[in-house]
Each structure stands twice: as structure tokens, then as C-alpha cells.
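One letter stands for each residue in the lines below.
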Amino acid sequence: MEVNILISGVGGQGIILASDIIGYAAVLEGYKVTGSEVHGMAQRGGSVVTHLRFGNEIYSPLIEKGRCDYLLAFEPLEALRYLDYCNKNTIAIVNTEPIPPTTARKIGSYPSVEKIIEILEDNIKVIAENYTQKARELGTALVANVMMIGTLSALERFPIKKESFIEAIKSVVPRKIDLNLKAFEVGRNIS
Amino acid sequence: MKIDLASEEKTRALLLGNEAIARGAMEAGIKLASAYPGTPSTEIIESIIPYAKRLNIHVEWSINEKVALEVAIGASYAGARAIVAMKHVGLNVASDALMTLTYTGVEGGIVIVSADDPNAHSSQNEQDNRILARFAKAVCIEPYDVQSCKDFTKKAFEVSEKFKIPVVLRTTTRVSHAKGSVEFGSFEKVGREYKFIKDAKRYVVVPKHTRVLHKKLNEKLKKIEEYANRSEFNEMIINGRLGIITSGVSRTYVREAIKELDNVSILEIGFTNPLPRKLIEEFITQVDKVLVVEELEPYLEEGVKKIAHESGVWLEIHGKDILPRELEFTPDIVKKAVYKFVNKEYNNIGLKFEVDISIPERPPVLCAGCPHRALFYALKKITKKKIYTGDIGCYTLGLAYKTIDTCLCMGASVTIAQGFYHAGVKEKPVAIIGDSTFIHAGITGLINASYNKANIVVIILDNRTVAMTGLQPTPASGVNALGEKTKELSIEELAKVCGATFVKTVSPYNLEETIEALRKAFEHDGLAVVISKEPCALLARKMKLTKPAPKVHRERCRGYLCQACSACVNLFNCPAIVLEKGKVRIIEELCTGCGVCAQVCPNDVFEVVD
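The notes below deal with the structure included here. (Residues numbered from 1 in each chain as written. Chains lettered and ligands numbered in written order. Predicted model: local features only at pLDDT ≥ 70, side-chain atom pairs only at ≥ 80, totals over all residues. Heavy atoms only, no water.)

### A closer look at the sheet that holds strand 6 (residues 125-129) of chain A
Taken together, eight strands build an open sheet; the order of strands is 6(A)-5(A)-4(A)-1(A)-3(A)-2(A)-8(B)-1(B) and the sheet is mixed. Each edge of the sheet is formed by a strand with only one pairing partner; in this case those strands are strand 6 of chain A together with strand 1 (12-16) of chain B. Across the sheet, the mean angle from the axis of one strand to that of its neighbour is 20°, orientation sign disregarded. Bridge count for strand 1 of chain B against strand 8 (residues 178-183) of chain B is five bridges, and the pairing is antiparallel. Bridge pairing links Leu16 of chain B to Lys179 of chain B in strand 8 of chain B. Along the sheet face, helix 1 (residues 17-27) of chain B touches strand 1 and strand 8 of chain B and points at about 115° away from the line of strand 1 of chain B. (Pairing = 2+ DSSP bridges. Helix = DSSP H or I, 4+ residues; strand = E, 2+ residues; numbered from the N terminus. Axes fitted to C-alpha atoms, helices over the stretch in contact; angles between N-to-C directions. Contact = heavy atoms within 4.5 Å.)

### Topic: the packing of helix 6 (residues 162-172) of chain A against helix 7 (residues 177-188) of chain A
All names here are of chain A. Packing of helix 6 against helix 7 leaves a shortest axis separation of 10 Å and a crossing angle of 150°. With respect to helix 7, the axis of helix 6 lies roughly antiparallel. Of the two possible hands of crossing, helix 6 and helix 7 adopt the one that is right-handed. Only Ile177, Asn180, Leu181, Phe184, Glu185 and Arg188 of helix 7 make contact with helix 6, whose side of the interface consists of Lys162, Phe165, Ile166, Ile169 and Lys170. Of the residues in the contact of helix 6 with helix 7, the class split is six nonpolar, one polar and four charged. (Parallel < 35°, antiparallel > 145°, perpendicular 65-115°, else oblique. Left-handed = near helix turned anticlockwise from the far one by under 90°. Nonpolar A, V, L, I, M, F, W, Y, C, P; charged D, E, K, R; others polar.)

### Let's talk about empty space enclosed by the protein
Scanning the model with the defined rule gives three cavities of 30 Å³ or more in all. Counted as a void, the largest cavity has a volume near 90 Å³. Surrounding the largest cavity, 14 residues form its lining, Cys574, Ala576, Cys591, Cys594 and Cys597 of chain B being those nearest its centre. Classifying every residue of the lining of the largest cavity by side-chain character gives ten nonpolar, four polar and no charged. A volume near 70 Å³ is recorded for the second largest cavity. In this structure, the second largest cavity is lined by Arg44 of chain A together with Leu366, Cys367, Cys370, His372, Cys394, Asn463, Ala467, Cys536, Ala537 and Leu538 of chain B. For the lining of the second largest cavity, the per-class residue count stands at eight nonpolar, two polar and one charged. (1 Å grid on protein atoms, 1.4 Å probe; cavity = no way out; pocket = protein on both sides within 12 Å on 5 of 7 lines; lining within 4 Å. Points joined across faces, edges and corners; volume = space filled by probe spheres on them.)

### Description of unusual backbone geometry
Cis geometry is adopted by the peptide bond preceding Pro40 of chain B, which originates at Thr39 of chain B and carries an omega value of 10°. With respect to the element layout, Pro40 of chain B can be found in the loop between strand 2 (32-35) and helix 2 (43-48). Unlike most non-glycine residues, Lys176 of chain A shows phi in positive territory, near 50°. Position of Lys176 of chain A relative to the elements: it lies in the loop between helix 6 and helix 7.

### Some points on the pairing of strand 8 of chain B
Most of strand 8 of chain B sits out of view: five of its six residues are buried. Sheet topology places strand 2 (residues 32-36) of chain A next to strand 8 of chain B; three bridges connect them, and they run antiparallel. Following the sheet pairing, Thr34 of chain A is matched in strand 8 of chain B by Gly180 of chain B. (Buried < 20%, exposed > 50% of the residue type's maximum accessible area, 1.4 Å probe, protein only.)

### Some details on the pattern of salt bridges
A full pass over the atoms with the stated rule returns 57 salt bridges over all chains. The partner of Glu37 of chain A in a salt bridge is Lys179 of chain B, with the nearest N and O atoms 2.5 Å apart. Highlighted residues: Glu37 of chain A in the loop between strand 2 and strand 3 (47-55) and Lys179 of chain B in strand 8, drawn from two different chains. Taking relative accessible area as the criterion, Glu37 of chain A reaches 2% and is therefore assigned buried. Through salt bridges with shared partners, one network takes in Asp116, Asp128, Arg130, Glu142, Arg170 and Glu294 of chain B. (Salt bridge = Lys/Arg side-chain N within 4 Å of Asp/Glu carboxyl O.)

### Remarks on the side chain of Thr592 of chain B
The topology assignment puts Thr592 of chain B in the loop between strand 22 (583-586) and helix 22 (596-600). In contact with Thr592 of chain B, other than residues within four places in its own chain, are Ala368, Gly369, Ala537, Arg541, Thr546 and Lys547 of chain B.

### Side note on the nonpolar core
Residues and elements named next belong to chain B. Judged by nonpolar contacts, the single largest core of 78 residues is most densely connected at Ile432, Val458, Ile459 and Phe606. With seven residues, helix 15 (residues 371-382) is the largest single contributor of residues to this core. Here Phe606 is in contact with Pro550, Lys551, Val552, Cys568, Ile577, Val584, Ile586, Cys597, Ala598 and Cys601, once residues within four sequence places are set aside. Core analysis: the next-biggest nonpolar cluster, separate from the first, contains 74 residues, Ile21, Val175, Phe187 and Tyr339 among them. (Core = buried A, V, L, I, M, F, W, Y, C linked by side-chain atoms within 4.5 Å.)

### Points about the packing of aromatic side chains
Scanning all chains against the criterion turns up 17 aromatic pairs over all chains. Measuring from ring centre to ring centre gives 6.2 Å for Phe233 of chain B and Phe271 of chain B, while their planes differ by 25°; the resulting arrangement is stacked. Residue Phe233 of chain B is found in the loop between helix 10 (207-229) and strand 9 (235-237), and its partner Phe271 of chain B is found in strand 12 (residues 271-273); the two are separated by 38 residues along the sequence. By way of ring pairs, the aromatic residues Tyr31, Phe54, Tyr70, Phe158, Phe165 and Phe184 of chain A are connected into one cluster. Positioned over the ring face of Phe572 of chain B is Arg373 of chain B, at 5.8 Å from the centre of the ring. Cation over ring: Lys386 of chain B sits above Phe522 of chain B, and NZ or CZ is 4.5 Å from the ring centre. (Phe/Tyr/Trp six-rings, centres within 6.5 Å; stacked < 30°, edge-to-face > 60°. Lys NZ or Arg CZ within 6 Å of the ring centre and 35° of its normal.)

### Some thoughts on the sheet that holds strand 14 (residues 316-318) of chain B
All names here are of chain B. Here we have five strands laid out as an open sheet, ordered 9-11-10-13-14, and mixed in their pairing. For this open sheet the edge positions go to strand 9 and strand 14, each flanked by a neighbour on one side alone. Ignoring which end each strand starts from, the neighbouring axes of this sheet average 15° apart. Where strand 9 meets strand 11 (residues 265-268), three bridges bridge the pair, whose relative direction is antiparallel. Residue pairing in the sheet places Met236 in a bridge with Leu267 of strand 11. Strands strand 10 (242-246), strand 13 (289-293) and strand 14 of the sheet are contacted by helix 13 (residues 299-310), whose axis makes an angle of about 165° with strand 14.

So this is what it looks like as C-alpha cells:
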């Protein structure tokens, strides 16, 4: 058994925290866990991707291209950027709230979100939702990451129990645990 | 993660490679930990800081890597175990000490972590410090995953003390920043009295002593080579006549690559200097051909070729003829090479797709509210006819503002500018250097400028912290690694003492004042220093020093029609300002309320809120 998860987004969106929650939930279930993070210069609003893997016989911290099972994209463009890690069975959970990079400030230089989702849907299975907006409705955009984990946890055949996620959120998230648990529940009902 | 890294309990935790190194060092009973922050090494010392008091460890952010190592050497001479952490280029700075430390040897174990950065994720080069370790005649050990980070670090102290030699624990970004599950081990009770036993023949390297010490060192290395053959850091699996030799993170890629192959023998080397000669001999006599899988330099490959030649074994040895010598490996690169080596077809199951839109790049940028941006804007307002020598820090991103023309190594901004001046270039050289980089390696350069009459301008970007590596304090912030108050270093006084005849401190958030000071500095005949002082935007956020975002006056904003200059979006280029539906909008979550945009816009669109 081997599960490969790619989490992509923009530096500062809580990507490492999300990776820690899923990773620790996998540790709680006795899996071997590996992964790779980006720190330093690349975090300054740049494109950030974290690899997370768990299973019985895994070694590499990085996912082989084409072997990503689940893509969690915190920003639509950052889903498209890592499509080469996916195969036709990959399930992507995509936050549709765009963050235009400073290189794409001019009209039309950021592709339309509809177009991005369309390309993704042509190639892989997609769950698209404006998680940022849904998180704002709970009080802060910051819990969009945990909400997306909620959606992931509720997927059919995803091999980690809900209880392990809840315990992981309690041990990993530094503040506002109740709000994060609420966001997790909201996420579980998005499909 | 909320985890007790110094727990006596033998739990299983999810750790970063660097956290595992910290845990390994604490299990080994270190008395001292020192470092200068640098990606990808920073988290090692950061992970020891919270436990320093509890475990009675002295932890410090040293002002540079040479200082960090020398402080550790003193502790070691007194019998204490010490860990020193740095990024690969940091070892260049510390190499002066390391090159001779191997001669005197150590008393308490010293482990020097060199976190290399293949792919230059956050570095100026891709040097392979296995070569530097061999050059210095130090032991080199390479962990390959998070568990081995902990285990190898702990064991490295034992090796260091057994042979009284410093150990270079060489990681790479994909090892230091790997995440993985780790089993905790038990704490060693070092329990010794720390005292210095004088021995001039060993500790005073005058020529007479050095000649003897060098011979002893070479003899010592032969003994270590014997030990390396039996080291648990290595692993050999004989399974057929095709062999792969590998080290570091490549070990994990090779393990993945051979999952669906049978008949591949592997030799994984964790003890990379001195190389385990007998073990390699044993391996190459049992296979017909070998592929060496290692990132960057053909370090193992050359070693294996030499050993094969000297032991009279003939076999095909591949390596850099198949695999790249630059950038980092990925599982795909290694799998492709391994399949080629065993004559099997590699089919990637990945999507074959075409995207008919272009995906805009998303490079790292200066944060919203970054004081550097304001300074760069001020510089651009004055003149374009300058040469800007840059340095190492977030401000290298000034590249986007065309206010960074060179960037080489720590402190080189101040000195390269002097070379431009003495060469007689027409434009006035302007050096741009951060507060921490200035303290690390810029002070001597500044004294040199004064002493040798270089008429340059030095701008010190004093953002009160080491920003790029995650907000570590500096001597100028007046607190140490543990957060205790220390004597605050005055950069202004220091600049004066070094010989600057014009010194002015400004807030870059006040554009008018900043432009005025820069003008005066440019006109000054002699060494001029301008200190641009304002806390890093991330630090300001952490210290709750931010202000509300300005209000946007929608009638005054002409958005896309703005013929004036689109100064806010195009020139100032703050990520908190976006053009939306023809007008400017401020993303309030990003804005720190620095108020510089209000000074930038000629149409008074931004109204500062008090």
C-alpha cells in the first residue's frame, strides 16, 4: 500500500501545516511516512509544493511524476502547474479562489478559473470549491487548508480514519482548535 | 508540530530531517550548539533552543560560521560535545578553522552539519561538501532519510570521540527538509567534568608541531578507513551481477527504482570519508558492472574507479555518463537511469497532456510592507546611473527593481563596490547589504573601504532580524537565541568607528527623508553609509506593529487608465495592491499599513488611516 499526496499553493497559505496534519494522522495509524517541504526563499509568496507519502514500503521523500494519488491545490493555477505529477485516476481537491502572481497583474494574463478547472477535469477527477470563501464565512480564510483536509478525509477509499484526523488536528494546530475542527467538518460535506 | 523533542519517552513522531538531527544531538548529550542561520540548515539550532535550559545546553546564533565552529572547538577542547550547523557555503567561511582542526583533533565530539543545496533552492551555488570534508581530512557521514538523520547524528559523536576527529554530517535540502516518522532513542549520560588538559604539541600548531600532527592525522585516517568498512551507516545487498552504488537521498530513490526489478545488487554508503575501501572491493568483485547514483560531483564514482584500479578489478563503472552532474535528482531521473542500466524500458504512468494556456510563473517576491521595497523605490527615484552591488538576503529580490547588479557571497557587496571604484568606473558604486550580513562579513570590508580610500556608498538594510531564514535575532536586535536581553550593537556607531565620514539613519517608510539622505550620501566625497532602519514586515506582524490598510479613494483611482505611471502596481509592485475591475484594491490580509503607497501615488488614491 502506498498513498502519494501533493499539496500545492502559494507561500504563506498554511501548506506545511496541512501536510503535518495528514502526515501525523498517518503516523497515528502506524504507517511509515515520508515527505518533502519547501522553506526559506521559496516561501516569499512563491509557488510552493509539499510532497507527502505514506504506506508500508516507501523510501523517497519525493513523489515520482505520474504517481500522485491526491492533489490538494490551495490555488487554481498551482493545481495546473503540477499536473505532470498526476495520472488519470488522480483526485484533485482545488480551492478556486485565485491569487494572481505579481507577474500576471495585467488584464488577461491570469487564465480564467473556469478554463483552469476545465483543463483539470479533462485529465483528472476534480472537486472544485471556493474554500477561502467558505472559510471566511466561518470567520477566517486561514482555516481553508483544514477544510480541504476535511474533503480529502471523506473521500471513498481514503485509508485514514476520521478519528485519526481529529486527533492530528488537535496535536498539530497551534491555535483555535475548535474553529479548525469545525472547518474540518464543513470540508467533509463538500464533494 | 507541538511535540516534546527532548522527551525521555520512546515515542514515534513526525519530524523534519533537521529536527531529527537536533534530537540525535540531544540524545548524544551535547553541551553546546552553535550556528549561523542558513537554508536548509536553520531548523537544527532552532529545534534545540526550546530545550536548552532543561538540558543545560549552551545554544547560540553566532555571528558567522567560522565563529560558530571556533566556539564549538573551545568547548570540545574542554571535553564537551558540540554540534555546529551551517549551509554548505557556510562551511567555506568556517573552513579556515576546519582545515587545521583535523590536525589538533577534538576531545569532546564535534559534529559539523553541512546542509548542501543541490538545485540551489535557496543558495548561490551547488558545491558538494563531501569534497570539502575530504580536503580537510575530516570524517564525512551522509544520512539519507529522517530516521537516519537522528541515528547517524547520535552515532557521529561516538565516531568523533573514538578517533578524536571532527565529523562533517553532510545533508542536502531533500534530507534536511524531508518529513518522516522517527523512533526516538534514549539519552546518553555523558557525565564528565569539562576541563582543559594542556598539551602544546597538540593544541599549538607551530610548524614544528604541525609536521608531526599531519603525519599522525594521515595514520588516523587509515584506521578510520578500517572502521568505515564495518560501519552501520553502510548497507550492502548482493542480489545479482548488476550493481548500484549510492549515498545520501539517492539511496531512497534507488530503493524505489528497484522495487519492481530483480537481480540488482546495491551498496549504500553512509560513511563517505574515508571511503570504506574493503567494502567497495568486496562489492565490485561480486558484480559485472556498476552504476554510481549520486547528486552533484562524481565523488563516489571517482573513489570507486580508483579502488577498482588499485585492487586490479576490471568492471564497467557508470555514473556521470548517464546521470547529471548539476541540479538535484528526482525519483524519475534515477528510475530512468537505473532502468537504462539494467536494459529495461521505463514507462511513466503520468498524464500525457497539452495545456493551451500559458501558466504564469510565480517567483518569490518581497512581502507586502517590506521595508526593502520602499528603499529600492527611493533609489530608483533618484537616479539610474549607479552600480548596485548586492549581497545575500531577501533584498536579492531587488533584482526585480533593477537595484541589484551583483550578488556573490556574504559581505561581497561592500568589497566588490570598492573594486569598481578603484577600477575607475564612471558610475558611483552603491553597496546594498542587510544588517545581519553586514555583521557576518561586511564590517571588515567597510574598514577596508575607509583605509584604502574607496569613495563608495554603503546602504545597510537594517530590518532588525535575519529575515530570509525565519526571523532569527542579530547582535543589533539586542536579544540572543534564547530571547534574553544582550547589549545591543549600534550599527550607526560601528559604521562611524569603521571610518565612514557620512552616516545617516532613515526610515524607508518616509520616502522624502530617505531620498534626501541618499542624495547627500551620493554627493558626499568619501565613505558614506545610509542605514535604512525599519523592522521586517513579517517581524512587524509578529510583534503586532502593523497598522490598518489605507483606504482607496475610488474616484481618484484611474486604474487601467492611469496615465501617470501606474506607480503603485508597476513600479512599487506591492503584492497587497491588485488591479480589479479597473480599479485598485488593497488585500487587507496582506497589507501591513506601511503607508508607502500613499507617498508613491501622484493622484492621492491611498488615504492613510490613523
